[in-house]
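# Coordinates in review
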Amino acid sequence: MNNIEKYLARQTFLPPVFCDELNPDSGIVVTIPAYAEKDLIASLESLKACEMPSCNVEVIALINHPIHAEKDLKELNSSISKQAKDWAINCLLYTSPSP
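Read on for an overview of the structure. Since the structure is predicted, the reported quantities are computational estimates derived from the model, not experimental observations.

### Side note on the overall build of the protein chain
From N to C terminus, the protein chain includes three helices and two strands. Each helix and strand of the protein chain, ordered N terminal to C terminal, gives the series α-β-α-β-α. Taken across its 99 residues, the protein chain has 14% of its residues classed as buried. Contacts in the protein chain between residues far apart in sequence, at least 24 positions, make up 75% of those at least 6 positions apart. As presented, the protein chain carries roughly 8,400 Å² of accessible surface, and 58% of it is formed by carbon and sulfur atoms.

Here it is, written out as structure tokens:
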């Protein structure tokens, strides 16, 4: 077990939320913590507009709230999550890899 796995084993109290493993060829992983982040799509658009590096890049948006959060915050984060998923699907559909 490597150091990250040991840390996660000690600190994690919920099951993993990622369905897919990270691409082992990724050279950069961008993590965006998002707590009631109404401008998440603007952040994603800014990243998309950047000049691509010579390595693969993965972006992970961590949309979160406390377990006992108010209903309106949970609904906001749910809406933001759906917007982010739709944005990502749209990017995959309309972005072709460079030759």
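The rest of the description comes next.
### What to know about the pattern of salt bridges
Under the definition given, this model contains two salt bridges. One salt bridge connects Glu 75 with Lys 71, and the closest N-O pair in it is separated by 3.7 Å. Taken together, the residues span about one helical turn, with Glu 75 and Lys 71 both in helix H3 (residues 71-94) at a distance of four residues. A relative accessible area of 62% means that Lys 71 is categorised as exposed. We note a salt bridge from Lys 82 to Asp 86, for which the minimum N-O separation is 2.8 Å. Of this pair, Lys 82 and Asp 86 both sit in helix H3, four residues apart, which is roughly one turn of the helix. According to the relative accessible area criterion, Lys 82 is exposed, its value standing at 53%.

Rules behind the numbers
Residues numbered from 1 in each chain as written. Predicted model: local features only at pLDDT ≥ 70, side-chain atom pairs only at ≥ 80, totals over all residues. Heavy atoms only, no water. Helix = DSSP H or I, 4+ residues; strand = E, 2+ residues; numbered from the N terminus. Buried < 20%, exposed > 50% of the residue type's maximum accessible area, 1.4 Å probe, protein only. Contact = heavy atoms within 4.5 Å. Areas by Shrake-Rupley, 256 points an atom, 1.4 Å probe, with all protein chains shown as cover. Salt bridge = Lys/Arg side-chain N within 4 Å of Asp/Glu carboxyl O.

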